Amino acid sequence: MSVYESLGVMTIVNAVGPATRLGGTLMEPEVLAAMAEAAGAFVKMDELQEAAGRLIARITGAESGYVTAGAAAAMALATAACMTGTDPTKINRLPDSRGMRNQVVIQRAHRYDYDHAIRSVGATLVEVGFPDLTFAYDLEAAITDETAAVAYYPVRSRPALSLRTVVNIAHRHGVPVIVDAALEIPPAENLRWYPEQGADLVAFSGGKAIRGPQASGFLCGRADLIRAVALHNLDMDVRPETWTYRAMIDAGELVGPPYHGIGRSMKVGKEEIVGLLVALRRYVERDHDAERAGWLAKLAFVRDALAGIDGVAVTVVDEPATGMAVPYALVQLDERMLLITAYQLLNRLQDSDPPIYLSEEPAWRGAVAVNPMTLRDGDEALIARRVADILRSARPERIPDAPRRHRER
Ligand SMILES: *Cc1c(COP(=O)(O)O)cnc(C)c1O
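Residues numbered from 1 in each chain as written. Predicted model: local features only at pLDDT ≥ 70, side-chain atom pairs only at ≥ 80, totals over all residues. Heavy atoms only, no water.

Contact geometry of helix α2 (residues 29–38) with helix α12 (residues 270–285) gives a least axis separation of 8 Å together with a crossing angle of 150°. On the basis of the axis angle, α2 is roughly antiparallel to α12. Two packed elements cross with a definite hand, and for α2 against α12 that hand is right-handed. Between α2, through Glu 30, Val 31, Ala 34, Met 35 and Ala 38, and α12, the contact on the second element is made entirely by Lys 270, Glu 271, Glu 272, Val 274, Gly 275, Val 278, Ala 279 and Arg 282. Here the residues of the contact of α2 with α12 are counted per class, giving 7 nonpolar, 1 polar and 5 charged. (Axes fitted to C-alpha atoms, helices over the stretch in contact; angles between N-to-C directions. Helix = DSSP H or I, 4+ residues; strand = E, 2+ residues; numbered from the N terminus. Parallel < 35°, antiparallel > 145°, perpendicular 65-115°, else oblique. Left-handed = near helix turned anticlockwise from the far one by under 90°. Contact = heavy atoms within 4.5 Å. Nonpolar A, V, L, I, M, F, W, Y, C, P; charged D, E, K, R; others polar.)

Here is the structure:
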């Protein structure tokens, strides 16, 4: 009996991609083996994080790096580091950030569901520009003595100030720029591109395309800010007399160690750190063209298998020139002809055995999508057969007449 069976939990087919709500991604056997090995010995965690920092620096070209419990935790820690620096009296006070630089400027075009991570450590967002446009003077005027950082979330569909422009303006005012690049891989080149643009801290997710542990991510960037991240995140059950960084106290750089910081509730274990590092090393050495060809083959299979059904048009969307790194299959339904809506199809698939999850992002316009990143071999055949069965047997269910919400992303 599998571990999931013994818990009464069904395993599913995931055609949504590395979505946290569906278990993220699957790790390669080499990563799992490294994690199992890491679990068999004790290490000093600050020493392990320093080794991680050196490897992340080598791969990203940044000064330093730090493994976190996901990219959202990375953004929270990055914000905290920009507010407090390495000052233990400030580190101890968070999330009460009164009396310190505690504003994070963000373009309205960059507001998104993960910016809660920025606010969670006590920062206040200051929005500039319009939802689809920012001028440089908007950003310029919003940076004050209260500004801890400028946050940048790359959104290709909404024109906003380029990262280079944001970095230039922020740095002119001595303010760091933190970037949420969780979704920016692939392509692998982005691991180096974001630090190269001058971003001070860049967050990546370990549990998406890199195929590391689901609860892992990392920061790369300026060494002094990474040191502040460590002070927020490390377990501080220490005395100044024996602490790893006691030389900083002797040198007058710190008044003493902080207590457990706000990042202590985002702790990352030795197994995740090692798993992330092995996955990251494997990711940069992977044959990305071959991986992409495998994705396209699975999508073509789904397209061809559904080709004969009236009222369905499947397109493989593959536009690398537009910056779209992962191709997908768009399954467009003629809902009135088929007597089933995209949402009803999604629910029928989720209720089947095994449950199948397709992307619901285009469902508002009567389509569903297949993301190939998380398909195991054979999943494409299962998906095509089940979708065909449901569409061919669709009975006149009530089609809601409610006006469709317009949504573009
Ligand atoms: C997935 C994602 C995150 C969160 O990443 P985790 O590693 O799951 O914490 C943050 N920001 C964006 C844009 C994401 O897509």
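Next up on the list: the pairing of strand β10 (residues 328–333). One ladder, built from 6 bridges, connects strand β9 (residues 312–317) with β10; its direction is antiparallel. Its bridge partner lying in β10, Val 314 is registered against Val 331. Both β10 and strand β12 (residues 367–370) contribute to a ladder of 4 bridges, which runs antiparallel. By the bridge assignment for β12, Leu 330 is matched with Ala 369. (Pairing = 2+ DSSP bridges.)

As a further point, take the environment of Ala 73. If you trace the backbone, Ala 73 turns up in helix α4 (residues 71–84). The spacing of Ala 73 and Gly 198 is 125 residues in sequence and 21 Å in space, taken between C-alpha atoms. Every residue in contact with Ala 73, bar those within four places of it in the chain, is listed here: Thr 68 and Met 266.

On to the state of the cysteines. Taken as a whole and assessed by the stated rule, the structure comprises 0 disulfides. Cys 82 forms no disulfide, and the closest cysteine sulfur to it belongs to Cys 220, at a distance of 13 Å. (Disulfide = S-S within 2.5 Å.)

A separate point is the site of the ligand. Lining the immediate surroundings of the ligand are 13 residues, of which Ala 71, Ala 72, Asp 180, Ser 205 and Lys 208 lie closest. Contact distances for the ligand include 2.6 Å between a nitrogen atom and a side-chain N or O atom of Asp 180. Contacts to the ligand include Lys 208, whose side-chain N or O atom sits 2.7 Å from an oxygen atom. Against a free-state accessible area of 390 Å², the protein chains account for coverage of 91% of the ligand. For the shell around the ligand, the per-class residue count stands at 7 nonpolar, 4 polar and 2 charged. (Near = heavy atom within 4 Å. Polar contact = N/O pair within 3.5 Å; in protein donor to acceptor, adjacent residues only side chain to side chain. Areas by Shrake-Rupley, 256 points an atom, 1.4 Å probe, with all protein chains shown as cover.)

Further remarks concern the sheet that holds β10. The strand order β9-β10-β12 describes an open sheet built from 3 strands, whose pairing is antiparallel. Each of the sheet's edge strands pairs with one partner strand only, and the pair in question is β9 and β12. Mean inter-strand twist for the sheet, computed between neighbouring axes without regard to direction, equals 20°. Contacts from helix α13 (residues 288–305) reach β9, β10 and β12 within the one sheet, and its direction differs from that of β9 by about 170°.

As summarised here, the arrangement of the 7 strands in space is β2-β8-β7-β6-β5-β3-β4, forming an open sheet in which the pairing is mixed. Both outer strands of the open sheet, β2 (64–68) and β4 (124–128), are each paired with one neighbouring strand and no more. Within the sheet, the average angular offset between the axes of one strand and its neighbour, ignoring direction, is 25°. Summarising the sheet, strand β5 (residues 147–152) and strand β6 (residues 177–180) pair through 3 bridges and their orientation is parallel.

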